[in-house]
Each structure stands twice: as C-alpha cells, then as structure tokens.
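Architecture at a glance
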Amino acid sequence: MEKRIVFVVNFKGQYSRIIARRVRELNVYCEIVDFKDIYKKALEKKPFGIIFSGGPNSVFEEGSPTVEKELFSLNIPILGICYGAQLIANMLGGNVESANKREYGTFKTKFDVKSFLFDGLKECSKTLMSHTDKVTSLPKNFKVTASSSSTEIAAFEDGSKNIYAVQFHPEVLDTEQGEDIFKNFLFKICGCEQNWKLDDFLQNTIEKIKQKVQDKKVLLALSGGVDSCVLAAVLQKAVGKNLTAVFVDHGFMRKNESEEINSCFKEWDMNFISVDARKIFLEKIKGVVDPEEKRKIIGKTFIEVFEKKAKEIGKVNFFAQGTIYPDIIESGEKDDKKATIKSHHNVGGLPEKIEFDEILEPFRYLFKDEVRKIGKKLGLKDSLVYRQPFPGPGLAIRIIGEITEEKLEILKDADLIFRQEIEKESKKPSQYFAVLLNTKSVGVMGDARSYCYSLALRAVETTDFMTATIYKPSFEVLENIAKRIVNEVQGINRVLYDITTKPPATIEYE
Ligand code: XMP
C-alpha cells in the first residue's frame, strides 16, 4: 500500500514532534526530517506536503537553519509554522525583524475564511503566539490571511503556489481551531487520505519482519516495559520460535519487579531467558556520578551481556529492541551531538559496534500511545500495556551521584511506598516515582539527631512525555506519604515534592 507521507521539517527544536503527532492523530503518516536533508528526501519520496516547524533561531542570524530554495519549486504544498513561516518570508523576498519583546500567549485572531487553509473555520478564534521575531513585509504575490490583536501578519500565503504560513502555533491545544487548520492543509490542500491505520502498520510490520528474518534468529532485549513487551508479542507472531527474549536484570529495577517480569514471561509460549547481571552492573557503575556516563556504561554493559548470551544460544542475526520515536529524537541525531538531551538507553547508549548483523527496531517511528494500541490489539493485559514508563537504565538514573547497594535499597523501598499511596487516588498521574538525592540533611528522630538522605517525589501528567505538567495530589496525601517514608525507610529524613514542569525540567533527573 502506498504511503501518503507528509514531512515535518525540524529546525533544531522539539516543536516538530508535536506537529508530527497532530498529523498522525489525523491518520496521515508523517516523518520528521532534519532541515539539512529535506530537499534530498523530498526529491526521493515526493511527499504530499511539507510542514516547516518552529525553531529557536532567528532566520536572519548567521548559520540559522534553512532549506534549499529549490524546495519551493517542487510543486509540493508547504505550511510554515512560526520560525517556518518567517523562513518562508525571508527566503522568498519578504522581511523579518526582531521585535524587542517576546510575544507569548493566546490572542484573538481574525481569519480570511476564503483561504483554503482557513476554509470552514469560524472567522474569529484564539491562537497561541510564541515569538520574538515577526514578519514585517511579505514576499511578492503573497497576501495576509489572518491578523491578531498582537500581530498584523498572523498568516500569509501564495495560494497559487500552495505555500502557506502561520505565525501562531496550530499544533498546540491553546489554538482553538488548530486541528481544523491541519485538516484543511492535509486533506484540502495536500490531498492526503486518512490511511495511516495501526492495523495496517501491524500487518505490514509482521510481514516485513517475516520476510527479513526468514529462518534466522532474533534476540530481543526485553526490559519488561511497555515497548519491549509489545514488541515481544509482535515478534512472536512474526518469527515464533526463532525469537529468544532476554531479560537482563541489571539490579536497577523497582522493588519486586524482576521477580514479576520473570514470572509473567515464563507463562508466555516463547523462548525466554532471564540473566541475573546485578553484580556486573554494580561493579561497572561504581564511583560513576556523571549522568551521561552512567547511561553509556549501562547501555554498553547491556550489550556485552546480550552478546555473551547470544553466543550461548548459537548464531543470532538480529538484535531487536523497542525503541520508539521520542527515544530517537531526544537522543539527537548522530551527527548533531549538541542537540542531545539524554542518551536514551535504547539509542545513544549503544556502543558504536555491536556483534549482530542487524538491529530490528520496528517501532522506531511510533509514539508510545500507538505502541499501547498495538499491544491492546494483540490482546496483551492492561497491566502490561498501561504500565507507567520506566527508563532503560532504571533506578540508576534516579539516584543522583554514586550508586551503592545501600542507596538502591533505600530508593526501592521509598519508591514502593509512593507508588502504593498514589495508586489509591482516583486519578493516577501518567508517571510517578521517587528520586534519591545526593544531599544529606540534619533531622531529629525521637531524641536523636539524624543525618540522612533527602528524597524527591515526582509525579507528572502528560500524554506524550514530551511536555509534562505536575500532578497535584492533596497536601493530606503528600503528608501521609512523607510520614510513611520517613517512618518506614531507614536512611531518609526529608521528603520533597517536585513541582517543576517539563520543560524546563525533564521528567527523569538524569
Ligand atoms: P525525560 O526525562 O527525557 O523522559 O523527560 C521522557 C520519558 O522517557 C523516559 N526515559 C527513558 N525511557 N530509556 C527509556 O526507555 C531511557 O533511557 C529513558 N530515559 C528517560 C522517562 O521515564 C519518561 O517517561
């Protein structure tokens, strides 16, 4: 089946991911492409449309991300958003200037509903603006198609060439008619069809894996998390007994989790091997305090343990892992190390050279909720499919500073109490866990002075884990949790609740 692909161009920011989600939610397949590659990829794949995302630069700054001018002559509809809109104006002969003040917030915006982009919209509604630079004059043949109280040129276009630009952000929910704008662009302007369906994806993926693997062997890195469990079910369908799932217990799992994973997967009709590598990991991570170094060491050790296991079970050709799209993007492109936020265990943590013929990552372009839907389609239990995400390096990145057995035990016990109490709430957060800080402080217990660790509690609400707001339990609930932790867990005398959103903080601490 031919894919109706749309490209979202990334200009060194995170905005492209939210846009990509909006497009996927409308059942149109899209991929994020780096600005440097877009022209080449557009020539190759002939996408139905291209969306320029926002970005942190100014178009007139030296070295700011740009695209080949020929992109505008390929007869492919283009929608520029924020930085993308300014780039269109700047490249085609308009003018962009820096306003001294950043403009942020929702503004009433009036649309020219005769534009295809705004066809069928209410004439007036709120849009979210977030910019410092603004377009002050338009390229030839372009006209203004929306204005707001803050920005006279809130949208502009050359409809005859199918080039559209909006200064506001239609991808965020604060922009009231954002979804309709995407629908108009994708369906009325680009002529896309809503044919990105997970059922098709699943069938195609199983077929592709079957053809690729044939009767060779696949080793799956099973962490017990949602992505790798769902992948196990997909691979089992595709290659059956040629699959061996290996769970490496690195010792950084939550309380009782390794035992739970072992008993769950032993019930599956699948080759399953559990490796107790706790001592090896603890030894390798001894004395390491740098977060990135921790991640890299854990990633490398994982692979070493896998390779060793693989040799024991004979020639293994494929190494499979449940990498998903956000892992890839947050780990940064290989040639753009500066953009790395964290080396996600599945991607950046891998050593350069691994001893398998090929890596299988069938979920590479999926978002987590899409993986969950596949899990449901394959009949996996809700307790597996809807479990909260747990990072590959586990508690190792929730212990700030050096990791010791003592600290691990303290964190496991405290984390369990936090989870038990939060799970009593009627509405659970998307992710909730405890973090052992590398700070000791003075307390008083009974009549004695204590000098113990501080513990941070983190609970966030999010759908895509790219941005997150804080979960707000009542103070009574928090007080009760703090009381239980300091009473029941030796080694903690202070409990803090983290009230930072993402961004600027990330969800995990390291
Ligand atoms: P951050 O901390 O980047 O986390 O805001 C976003 C989401 O990703 C999870 N996370 C990971 N997942 N391997 C994973 O499989 C990793 O190395 C990793 N690091 C962070 C994190 O728990 C959150 O859900």
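Computed from a predicted model, the values in this text were never measured in an experiment.

**Details of the domain arrangement of the chain**
Each assigned domain of the chain is listed with its residue range as follows: domain 1 (6–189), domain 2 (198–385) and domain 3 (398–497). Its C-alpha centre places domain 1 at a distance of 43 Å from the equivalent point of domain 3.

**Description of the environment of glutamine 321**
Tracing the chain through its elements places glutamine 321 in the loop between strand S13 (318–320) and helix H10 (325–331). When the C-alpha atoms of glutamine 321 and arginine 278 are compared, they prove to be 21 Å apart, with 43 residues separating the residues in sequence. Among the polar contacts made by the side chain of glutamine 321, one reaches the side chain of glutamate 361 at a distance of 2.8 Å.

**Description of the pattern of salt bridges**
All told, the structure shown has 34 salt bridges when counted by the stated rule. Lysine 188 is paired through a salt bridge with aspartate 119; the nearest N and O atoms lie 3.0 Å apart. Of the two residues, lysine 188 is situated in helix H4 (residues 178–189) and aspartate 119 in the loop between strand S5 (95–111) and strand S6 (124–137); the sequence distance between them amounts to 69 residues. Two residues, aspartate 199 and lysine 377, come together in a salt bridge whose shortest N-O distance is 3.4 Å. Residue aspartate 199 is found in helix H5 (residues 198–213), and its partner lysine 377 is found in helix H11 (residues 368–377); the two are separated by 178 residues along the sequence.

**Topic: the confidence of the model for the chain**
Predicted confidence across the chain gives a mean pLDDT of 90, with 94% of residues reaching 70 or more. Below a pLDDT of 50 lies the segment residues 333–341, which in the model reaches nine contacts outside its immediate sequence neighbourhood of four places, other chains included.

**Structural notes on helix H13 (residues 405–422)**
Residue pairs spaced three or four apart in an α-helix point in one direction, given the helix's 3.6 residues per turn. If you check H13, its first and last C-alpha atoms are 26 Å apart, about what 18 residues at 1.5 Å a residue would give, namely 26 Å. For H13, the elements touching its buried residues are helix H8 (278–285), strand S15 (431–445), strand S16 (448–461), helix H14 (475–488) and strand S18 (492–497).

**Some remarks on the sheet that holds strand S9 (residues 163–166)**
Taken in spatial order, the nine strands make up an open sheet running S2-S1-S3-S4-S9-S8-S7-S5-S6, and their pairing is mixed. Where the open sheet ends on each side, the last strands, each with one partner, are strand S2 (30–34) and S6. Taking the axes of each pair of neighbouring strands and ignoring which way they run, one obtains an average angle of 25° across the sheet. Sheet analysis places strand S1 (residues 6–10) next to S2, joined by five bridges and oriented parallel. Along S2, the bridge assignment pairs phenylalanine 7 with glutamate 31. Contacting S1, S2, strand S3 (49–52) and strand S4 (78–81), helix H1 (residues 15–25) crosses the sheet at an angle of about 160° to S2.

Conventions used here
Residues numbered from 1 in each chain as written. Predicted model: local features only at pLDDT ≥ 70, side-chain atom pairs only at ≥ 80, totals over all residues. Heavy atoms only, no water. Domains from an automatic or database assignment. Helix = DSSP H or I, 4+ residues; strand = E, 2+ residues; numbered from the N terminus. Polar contact = N/O pair within 3.5 Å; in protein donor to acceptor, adjacent residues only side chain to side chain. Salt bridge = Lys/Arg side-chain N within 4 Å of Asp/Glu carboxyl O. pLDDT = per-residue confidence, 0-100. Contact = heavy atoms within 4.5 Å. Expected span 1.5 Å × (residues − 1). Pairing = 2+ DSSP bridges. Axes fitted to C-alpha atoms, helices over the stretch in contact; angles between N-to-C directions.

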